[in-house]
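Chains, contacts and geometry: an overview
These are the residues of each chain, in order.
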Amino acid sequence: MRTKTLITIFIFISTILLMHLSMAQEIAQTKKISFKEYLEIIKGNLPELQRSSITIEKAEKSVLSSASSLDTTLSGSGNYSRSSKYNSATESSYYSKIWSANAALSKKLLSGTTLEAGTSYEYVTEDLKNTGYYRPALYVKFTQELLKNSFGTLDRFTVNDAKMKLEIEKLRKFETDKTYLNTYKKLYFNWIAQIKKLNLLKEYITNTEKLRTDIENKVKSGLADKTDLHSVDALLLQYRLNYKNAELKLDEIKSALLIFPEFSSAAPLEDDFAKTLQYVTLANFESVPYEKTRSAAIYRMTKENLLYSAEVQQNRLLPQLDISGQYTRLANSTESIKGYSKMNESEYYIGFGITYPIENTSAKVYLKEAEIAVKEINSEFEIAKNSHKTNLETTLKSIEGLKEIIDISEKRINVLEAKYRNIYRQYLQSRKDFQYLIDTSLAVTQQKIDLLELQNSLIQYSIDYEDLAEKI
């Protein structure tokens, strides 16, 4: 008998040791991730943030593309021609042959001026005289756009519009990224709150199981009624039901983080909850005018861009007037090599061209669209401003209200716990009904869970405040 008892004790101790070893391994495998580390992982792997970066790259590409009309161009060509000419003296025809080549470098400036410089080289032969000569030339040419594209107004608009939209997209990226990150910031603290809730319920399940053992012993001794045992069983089942519901909510949070493998065997650092709560509790949240926020800056820059566009569209209603001129220095020489050194002849021209669309419907439509866009952005700004004011005021009142409610909840928990201890002593002395003890225990548990949710809500509202009040 003694040997069997020793074996039983050995098995029991071994089982306990194995359970503790398993729990220790599980704890060792669960990495604790701080809020800062958590955000860095989110920022580095969230596809939505990468998508907004691509939007910036597209805007940068548009800036590069907008300047393509200002690129320097190098061109060249060569040809051979043979033409028939008539000699009136002999009443016969003869042939003239020309071999030619040319090269030019052109550049359009933001002022609307196109500059071109080049050279041409020809070799001409005539069968009649059986002679040949070289014709080298150097030239400079300009074209200046006026009126419609007055000193490059339309060309500058293409470049400036692309640059302005790039700056707008950079600001919008901050806002877009912030929205996605705030969702995951809230999720992190929901994660902690749910774990704390499970730990709280686990503690109450353990305590209630001990209470049930005491009641069961009292029932066996005839010191308590079976009704008390049923009451404590109902309480225990209620706690277990709440625990299972909390587990489901925790699984939902973990499912939302499945796209990040780093979190599969990790848990949040619970100290971050307490630190953040302390900061939020002591922080002074002030009202920030909408005009100082990044969102307002986006509207202002967008409006500025639209006003600029409307101003440029006015130019499209004007005629197109181009002034151009060219100066050429050339020579006719029998010497191919020295021909360039003997260029003593000059040619030049200057002229203009004008195009005036009688109806110009498309330009009128573009102008009308630009004017409507300005009115629309003004309206959207006012709507956003009113929405910001309402949401910020609601958030500020919620934060202040939650601080007071949390303070009252903490005091109520202290009172309920003192009440529970007093009722429990009276119950042991058979001076209180057991159901009264059960009801008080439920009230304490529920108030602690409510307090945890209130604290989490306060943190969530502080994240909303940072979103609304973030200054540029």
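Coordinates for the structure precede this section.
Residues numbered from 1 in each chain as written. Predicted model: local features only at pLDDT ≥ 70, side-chain atom pairs only at ≥ 80, totals over all residues. Heavy atoms only, no water.

A word on a nonpolar patch on the surface
A surface patch of nonpolar side chains, amounting to about 350 Å² of accessible area, comprises Val140, Tyr327 and Tyr348. Tracing the backbone shows tyrosine 348 in strand β8 (residues 345–355). For tyrosine 348, a relative accessible area of 66% puts it in the exposed group. (Patch = residues over 30% accessible without salt bridge, like charges linked within 9 Å, V, L, I, M, F, W, Y side chains within 5 Å. Areas by Shrake-Rupley, 256 points an atom, 1.4 Å probe, with all protein chains shown as cover. Salt bridge = Lys/Arg side-chain N within 4 Å of Asp/Glu carboxyl O. Helix = DSSP H or I, 4+ residues; strand = E, 2+ residues; numbered from the N terminus. Buried < 20%, exposed > 50% of the residue type's maximum accessible area, 1.4 Å probe, protein only.)

Re the nonpolar core
The nonpolar side chains of a soluble globular protein tend to be buried with one another. Tyr38, Trp191 and Phe263 are the most contacted members of the largest nonpolar core, which totals 67 residues. Counting residues per element, the ones that place at least two in this core are α2 (35–45), α4 (153–220), α5 (226–256), α6 (271–282), α8 (361–428) and α9 (434–469). By residue number, the principal contributor to this core is α4, which donates 17 residues. Beyond its immediate chain neighbours, meaning those up to four positions away, tyrosine 38 contacts Ile33, Tyr184, Leu187, Tyr188, Trp191, Leu257 and Phe263. (Core = buried A, V, L, I, M, F, W, Y, C linked by side-chain atoms within 4.5 Å. Contact = heavy atoms within 4.5 Å.)

Quick notes on the packing of α5 against α9
Where α5 meets α9, the closest approach of the two axes is 9 Å, and the angle between their N-to-C directions is 15°. Taken together, the axes of α5 and α9 are roughly parallel relative to one another. Once α5 is placed against α9, the crossing between them reads as right-handed. Within the contact between the two elements, α5 uses Asp228, Ser231, Val232, Leu235, Gln238 and Tyr239 and α9 uses Phe434, Gln435, Ile438, Ser441, Leu442 and Thr445. A per-class count over the contact of α5 with α9 returns 6 nonpolar, 5 polar and 1 charged. (Axes fitted to C-alpha atoms, helices over the stretch in contact; angles between N-to-C directions. Parallel < 35°, antiparallel > 145°, perpendicular 65-115°, else oblique. Left-handed = near helix turned anticlockwise from the far one by under 90°. Nonpolar A, V, L, I, M, F, W, Y, C, P; charged D, E, K, R; others polar.)

Considering α4
Working note: α-helix, 3.6 residues per turn, so residues spaced by three or four point in the same direction. End to end, α4 covers 99 Å across 68 residues, agreeing with the expected 100 Å (1.5 Å per residue, within 8%). The positive-phi residue at the C-terminal boundary of α4 is glycine 222, with phi of around 80°. (Expected span 1.5 Å × (residues − 1).)

Honestly, that's just the spatial picture; any functional story needs more than this.
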